[in-house]
Amino acid sequence: MKKKSARIRQPNRHLIAARTALNWTQRDVADGLDVPTLTVGRWERGEAQPHFFHRVQLCNLFGKTEEELGFFLEPTADASITQKPAIDISLPPVCDSTIPEVPSFPLVGRSQLLAQIKERFFAEPGNTMVALNGLPGVGKTALAIALAHDKEMKEHYHDGILWAGIGIKPQLLSHLNRWGALLGLTAKQMQSLQDWEDWAKALRTAIGSRALLIVLDDVWQLEEVLALKIGGPQCAYLVTTRFPSIAAHLTVKDSIQLQELSLQESLQLVNFLAPQILPATSPEIERLVQSVSGLPLALVLISNYMRKQVYAGSARRRNTALERLSNVTERMQLLELYSPSQAHPSLPGSHAYSLQSIIAVSDQFLTPSARNTLYSLAVFPAKPQTFSERAALQLTNCRVEDLDILIDAGLLECVSNNRYSLHQVIADYARLRLASPDIYERFVRMMIAYAKEHQNAGALLEAEQSSLLAALDQAQILGLWLEFLDGAKVLIPFLLARGMYSSAQSYNETAARAAELLALPLCSCGVLLYKGQIYIKQGEYTLAQTALEEALAWIPPNPDEKWLHLQCDILNERCNLELKLGQNEQAEILLQQTLALVRASSYQTALCITLSNLGTLHHRRGRHEEAVAVYQEGLMLARQLQDGQMIGLFLRSLGTLEAYDGSTNQATKYLQEALEITQLTDDYEEMINELRILGEIALIQGQIELAECYQYKALGLAEKMHHYGYTSVIHCSLAEIFMVRGHYAQAEHLLHEGRLMALTAGYQQELAMLLIVSGHLAAVCGQYQQAAIYLQEGQHLATQMQDSFLITYGKLQQGIIQIGLAQLQQAEETLQETLVLALEHNYRSFAANIYLYRSQIAQQQQAYQQALAYLEPGLQSAYKAESTIDLCFLYYQYTIVYIQQHELMRAEVSLQKMSHYLPAGAQILLARYYFARAQLAAAQGEREEALQLGKRSIQELKNSGDMLAQEIGNWFLS
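Just so we're clear, the structure is a prediction, and the values are computed from it rather than from any experiment.

Turning our eyes to something else, we now look at the overall build of the chain. Looking only at helices and strands, the chain has 51 helices and 11 strands in total. In summary, the chain has a C-alpha radius of gyration of 39 Å against a globular reference of 30 Å for 974 residues, an excess of more than 25%. Reported as C-alpha extents along the three principal axes, the dimensions of the chain are approximately 120 × 85 × 70 Å. Within the chain, the proportion of its 974 residues that are buried is 56%. Partitioning the contacts of the chain with sequence separation of at least 6, the portion at a separation of at least 24 is 65%. Accessible area of the chain: about 43200 Å², with a carbon and sulfur share of 52%. Counting 78 positive and 100 negative side-chain charges, the chain places the averaged centre of each group 9 Å from the other.

Right, dumping it as structure tokens:
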């Protein structure tokens, strides 16, 4: 450049006034800007002008504009610039030839984002800045190109678009020269511009009030943006950068991080670029797409390669190409040629790019320590999996500052509080550069040690689940079999608790081979125990029995403490299996043997499990007091051991027992305490059981919305585990809620799905419950033949399992069906037998229902005094069971009987009591309430009110199919 022209020196009175107004010295200003005091003095005397970057700092410091600080008010010797008139608005739009052409393929998966960005630009009159940041190859430039060619954007910025590809070696002066020519500056004017301030002033003057969009692509330094921020009040800026720190600095609300494409969007892009090579849904294509995790540049490279390789349709070449692309090194080195007009700003002088070259540009600018950290972090599972800061620091021996550098470089993503993720392509790049394989061994040892340390903390294990399983996989590759066995011992039970049975089975099979290879008989026996547990979880009871018998065969004649403990575990699992099979007599014999063995040993945890199994057996056989005593003993022992898992087990068992026996308030206390403990251990199975029973209790108490909430939470966990047994029984519980709501079609759909799942998976107890409830629903709808079929199958299973609860429930439904078929004598006999069972086992809710239906039989026989006599003990049972639903049905029955006896005052009192207990959302009960009121109004001679109330009861039933609708219809006719 030429020597700078002479300037007219005048003090900058605006800058001096701004400083003195704050009582600041020149030293104060210098300290705020980190410049020498002498420099501030020169600015105030007019001997020098601050650099553009310093002007921005001064504006921020004083809270004033550049004009208010006097930077554009002083005259210059070169009047040709300052005295030039404003640009004529009739000038044609600026047409920047460096704007890249629109690619030949569509911008997949960015339509919504494109519209959002345009809205942000259109919402502001000017000076808008939108900053796009994201991984190398995520499509920032492609999005900027699409915006630059967008018709609506061109109309909004009608005076044109300026483009500058910055890159790692920015040619800022070249961009300024080109822009100056486009904006109408003469060669002479541009030759007179001596520094960045002159350029900014000249270009801003040339732009004037024109509406331009200025695109700064691939920015690497903040100063580059500030130097090129030369637009007027009607201009806007679009910046793309791979550095989130730059984007965050430039704008507060308009910093946008581009995400990778979804699987569906990725397949769409591949199908467009490489059509008819393979179906988009083929496993090979899906695996290939997933290997680059939706990174657009990678998808374009592999698609173009596939299209070029198999254009002739050769299956051999297609398979060869797919095989090559499955290799990480080959994918990273795929080259794509481009024309000079499409040159990448970060690859100057190159005519081709690859994933490797694009990422390497960022790699080169890292510090050596940050670079080594990046390479080491590649041993963690890639995004969407995450790893903790603690694990990253421990594995790599790096500083927190190194992680920050990687985040600022856009190579590492901080996804939540102290958790990070590495994109698959970045991880692939880094993994190829690992200098020492020792890092993998350190990773295995670190994660296995973590698993052993936190084996009873399910939430902590789940947070690191992906890394823990990766460590197991890596241990297999490295042949670290002792470490593998240590990890498997912790992680197989963890996987089982989350329903990940296939993974648990796979690792257990590997553990069997490792134990055999190392000749560790104790481990081999433990593997067989796990094998039996896995088969039990999968409902493969015959295979489970075989595995557990094989495990027992390993026990030596005079076992030491370790073998004795293992023997106790195997026997407890055998007892659990017998209970699952409904073989209660065999379970009792085995339990007594196991109990004697564990009491003689010092294995207190095994004693807890034995007591739990024994309590379950007592409960199954209706021995309420014995079950409570055993559970309380187990709870006391668990508290002594401070074993949270066992404490939760016994609290849950006591809660379930109290719920079945009708003590719902006490049951809720037990279960809520158990749930608090289980949420700490993060045991899905136990949480499901607790949520499900809490939901059933809430339904009994008339809290229908709460009941539904509990059941859907349980269902979400069961579906996450892919556990048919839990899912089927939750379907049953939800069906009962829908029945109370009067939504019978939805209830039948849930029961149908539940029966299929339970039947497929071989869950006998769940299937029996589903069949009995299905029979009840069919009976309520008057489908007595179908009801009898369901009930017969359910009772058969319940009898086989000797399950006293299901047997009692089934006999109750049998009596209800007999009433519907007008077999009143048989119904009375059935209900009398059922009452004996209910009272023997303390099933209070069942007892309340039995008295209710016996009252209905007496009512149909016009034995009204007998009908009332049955209702009194029914009420007592319902109150003891704390069952709001049962109380409503009983008071309804009281009302109907009193009306038929013409005791209308007593009928009114009973109806008021029913309304007191009436739960919200129980349409079936609400319909009965209105119908009872209608009958009472009719008996009192209030015909019009009776008709309105009768219609209201019909409206509550809607199209449920409840037999009450037919009864109401007959009442209308009479």
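Of the strand pairs in this sheet, strand 10 (residues 413–416) and strand 11 (residues 419–421) are connected by 3 bridges, and their pairing is antiparallel. Paired with glutamate 413 across the bridge in strand 11 is serine 421.

Here the focus is helix 28 (residues 501–517). Over its 17 residues, helix 28 runs 24 Å from end to end, which matches the ideal 24 Å to within 8%, given 1.5 Å per residue. For helix 28, the full list of buried residues reads Tyr501, Ala504, Tyr507, Asn508, Thr510, Ala511, Ala514 and Ala515. Positioned one or two residues after helix 28, alanine 519 has a phi angle of 55°, which is positive.

This next bit is on the environment of aspartate 363. Structurally, aspartate 363 is set in helix 19 (residues 355–364). Taking the C-alpha atoms as reference points, aspartate 363 and tyrosine 429, separated by 66 residues in sequence, lie 9.9 Å from one another. With sequence-adjacent residues up to four places away left out, aspartate 363 is seen in contact with Arg371, Tyr375, Tyr429 and Arg433. Only 2.6 Å separates the side chain of aspartate 363 from the side chain of tyrosine 375, close enough to count as a polar contact. Polar contacts involving the side chain of aspartate 363 include one to the side chain of tyrosine 429, which spans 2.7 Å.

With an omega of 20°, the peptide bond running from lysine 383 to proline 384 counts as cis. With respect to the element layout, proline 384 can be found in the loop between helix 20 (368–377) and strand 9 (387–388). The residue serine 293 is not glycine, and still its phi comes out positive at about 50°. Structurally, the position occupied by serine 293 is in the loop between helix 15 (283–290) and helix 16 (296–309). For glutamine 642, which is not a glycine, the phi torsion comes out positive at approximately 55°. With respect to the helices and strands, glutamine 642 occurs in the loop between helix 34 (624–641) and helix 35 (644–660). Since its relative accessible area comes to 71%, glutamine 642 is described here as exposed.

This model, assessed by the stated rule, comprises 28 salt bridges. Between lysine 383 and glutamate 260 there is a salt bridge, and its shortest N-O distance comes to 3.1 Å. With lysine 383 in the loop between helix 20 and strand 9 and glutamate 260 in the loop between strand 6 (255–257) and helix 14 (263–273), the pair connects residues that are 123 residues apart, well separated along the chain. Assigned by exposure class, lysine 383 and glutamate 260 land together as buried. Where lysine 811 meets glutamate 833, a salt bridge forms, and the shortest distance between an N and an O atom there is 3.2 Å. Residue lysine 811 is located in helix 43 (residues 804–820), and its partner glutamate 833 is located in helix 44 (residues 824–840); the two are separated by 22 residues in the primary sequence. Under the relative-accessibility criterion, lysine 811 is labelled buried at 17%.

Attention shifts here to a nonpolar patch on the surface. A surface patch of nonpolar side chains, amounting to about 290 Å² of accessible area, comprises Leu482, Leu517 and Leu518. Within the fold, leucine 517 resides in helix 28.

What follows covers the sheet that holds strand 10. Strand order in the open sheet made by the 3 strands is 9-11-10, with antiparallel pairing throughout. Each end of this open sheet is capped by a strand with a single partner; those strands are strand 9 and strand 10. Strand direction decides the pairing type here: strand 9 and strand 11, joined by 2 bridges, are antiparallel. If you follow phenylalanine 387 over to strand 11, its bridge partner there is tyrosine 420.

As a further point, take the sheet that holds strand 3 (residues 160–165). Taken in spatial order, the 6 strands of this open sheet run 1-3-4-5-2-6, and their pairing is parallel. Sheet topology places strand 1 (94–95) and strand 6 at the edges, where each strand pairs with a single neighbour. Pairing analysis gives 5 bridges linking strand 4 (residues 213–219) to strand 5 (residues 236–241), with the strands arranged parallel. What sits directly across from leucine 216, in strand 5, is valine 239.

According to the domain assignment, the chain contains domain 1 (13–62), domain 2 (94–257), domain 3 (263–333) and domain 4 (366–435). The gap between the C-alpha centroids of domain 1 and domain 2 is 30 Å.

Here we take up helix 29 (residues 521–537). With 17 residues, helix 29 should cover 24 Å at 1.5 Å per step; its first-to-last C-alpha distance of 25 Å lies within 8% of that length. Counting buried residues along helix 29, 12 of its 17 residues qualify, which places the element largely inside the surrounding structure. Buried residues in helix 29 make contact with helix 27 (481–497), helix 28, helix 30 (541–553) and helix 31 (561–580). Where helix 29 ends, the next residue or the one after it, glycine 539, has phi of about 80°, a positive value.

The subject of this paragraph is the packing of aromatic side chains. Within this structure, the stated rule accounts for 20 aromatic pairs. Centre to centre, the rings of phenylalanine 805 and phenylalanine 846 are 5.0 Å apart; their planes meet at 35°, and the pair counts as tilted. Of this pair, phenylalanine 805 sits in helix 43 while phenylalanine 846 sits in helix 45 (residues 844–860), and the two are 41 residues apart along the sequence. What makes phenylalanine 805 buried here is its relative accessible area of 14%. For phenylalanine 846, a relative accessible area of 10% translates into the label buried. Taking the centre distance of 6.2 Å and the plane angle of 70° together, the rings of tyrosine 879 and tyrosine 917 count as edge-to-face.

Structurally, the position occupied by asparagine 12 is in the segment before helix 1 (13–21). For asparagine 12, a relative accessible area of 8% translates into the label buried. Beyond its immediate stretch of four places on either side in the chain, asparagine 12 contacts Trp43, Glu44, Gly46, Leu69, Gly70 and Phe71.

Summing up the model confidence of the chain, the mean pLDDT is 86 and the portion of residues at 70 or higher is 93%. Residue range residues 1–7 is modelled with pLDDT below 50. Its contacts to residues more than four positions away, or to other chains, number 13 contacts. In this model residues 74–90 is a low-confidence stretch, pLDDT under 50, and it forms 21 contacts with partners more than four residues away in sequence or in other chains.

The next point concerns the state of the cysteines. Across all of its chains, the model carries 0 disulfides by this definition. Cysteine 398 carries a free sulfur, and the closest cysteine sulfur to it, the one in cysteine 414, is 14 Å from it.

Our focus in this paragraph is the packing of helix 29 against helix 30. The interhelical angle for the contact between helix 29 and helix 30, taken along N-to-C directions, is 165°, at an axis separation of 8 Å. Taken as axis vectors, helix 29 and helix 30 run roughly antiparallel relative to one another. Relative to helix 30, the crossing made by helix 29 is left-handed. Along the contact surface, helix 29 presents Cys525, Leu528, Leu529, Lys531, Gly532, Tyr535 and Ile536, while helix 30 presents Tyr541, Leu543, Ala544, Ala547, Leu548, Glu550 and Ala551. For the contact of helix 29 with helix 30, a count of residues per class yields 11 nonpolar, 1 polar and 2 charged.

As a further point, take the environment of leucine 273. Relative to the elements of secondary structure, leucine 273 occurs in helix 14. Linking leucine 273 and alanine 227, residues 46 residues apart in sequence, is a C-alpha distance of 39 Å.

In this section: the environment of serine 733. Along the chain, the position of serine 733 falls in helix 39 (residues 724–741). The exposure class assigned to serine 733 is buried, which follows from its relative accessible area of 2%. Expressed as a C-alpha distance, the spacing of serine 733 and leucine 58, which sit 675 residues apart in the sequence, is 69 Å. Setting aside residues no more than four positions away along its own chain, serine 733 makes contact with Arg692, Glu696 and Gln711.

Here we take up the pairing of strand 5. Counting buried positions over the 6 residues of strand 5 gives 6, a clear majority of the element. Burial along strand 5 is two-sided: the residues Ala236, Leu238 and Thr240 and Tyr237, Val239 and Thr241 are all buried. Two strands pair when backbone bridges link them, and strand 2 (residues 129–133) and strand 5 are joined in this way by 5 bridges, in the parallel orientation. Bridging from a neighbouring strand, alanine 131 pairs with valine 239 of strand 5. Where the polypeptide runs from strand 4 across helix 12 (residues 222–227) and back to strand 5, its parallel neighbour, the crossover connection is right-handed.

Conventions we followed
- Residues numbered from 1 in each chain as written.
- Predicted model: local features only at pLDDT ≥ 70, side-chain atom pairs only at ≥ 80, totals over all residues.
- Heavy atoms only, no water.
- Helix = DSSP H or I, 4+ residues; strand = E, 2+ residues; numbered from the N terminus.
- Rg over C-alpha atoms; globule rule 2.2 N^0.38 Å.
- Buried < 20%, exposed > 50% of the residue type's maximum accessible area, 1.4 Å probe, protein only.
- Contact = heavy atoms within 4.5 Å.
- Areas by Shrake-Rupley, 256 points an atom, 1.4 Å probe, with all protein chains shown as cover.
- Lys, Arg positive; Asp, Glu negative; His and termini not counted.
- Charge placed at Lys NZ, Arg CZ, Asp CG, Glu CD.
- Pairing = 2+ DSSP bridges.
- Expected span 1.5 Å × (residues − 1).
- Polar contact = N/O pair within 3.5 Å; in protein donor to acceptor, adjacent residues only side chain to side chain.
- Salt bridge = Lys/Arg side-chain N within 4 Å of Asp/Glu carboxyl O.
- Patch = residues over 30% accessible without salt bridge, like charges linked within 9 Å, V, L, I, M, F, W, Y side chains within 5 Å.
- Domains from an automatic or database assignment.
- Phe/Tyr/Trp six-rings, centres within 6.5 Å; stacked < 30°, edge-to-face > 60°.
- pLDDT = per-residue confidence, 0-100.
- Disulfide = S-S within 2.5 Å.
- Axes fitted to C-alpha atoms, helices over the stretch in contact; angles between N-to-C directions.
- Parallel < 35°, antiparallel > 145°, perpendicular 65-115°, else oblique.
- Left-handed = near helix turned anticlockwise from the far one by under 90°.
- Nonpolar A, V, L, I, M, F, W, Y, C, P; charged D, E, K, R; others polar.
- Right-handed = clockwise from strand over helix to strand, strands pointing away.

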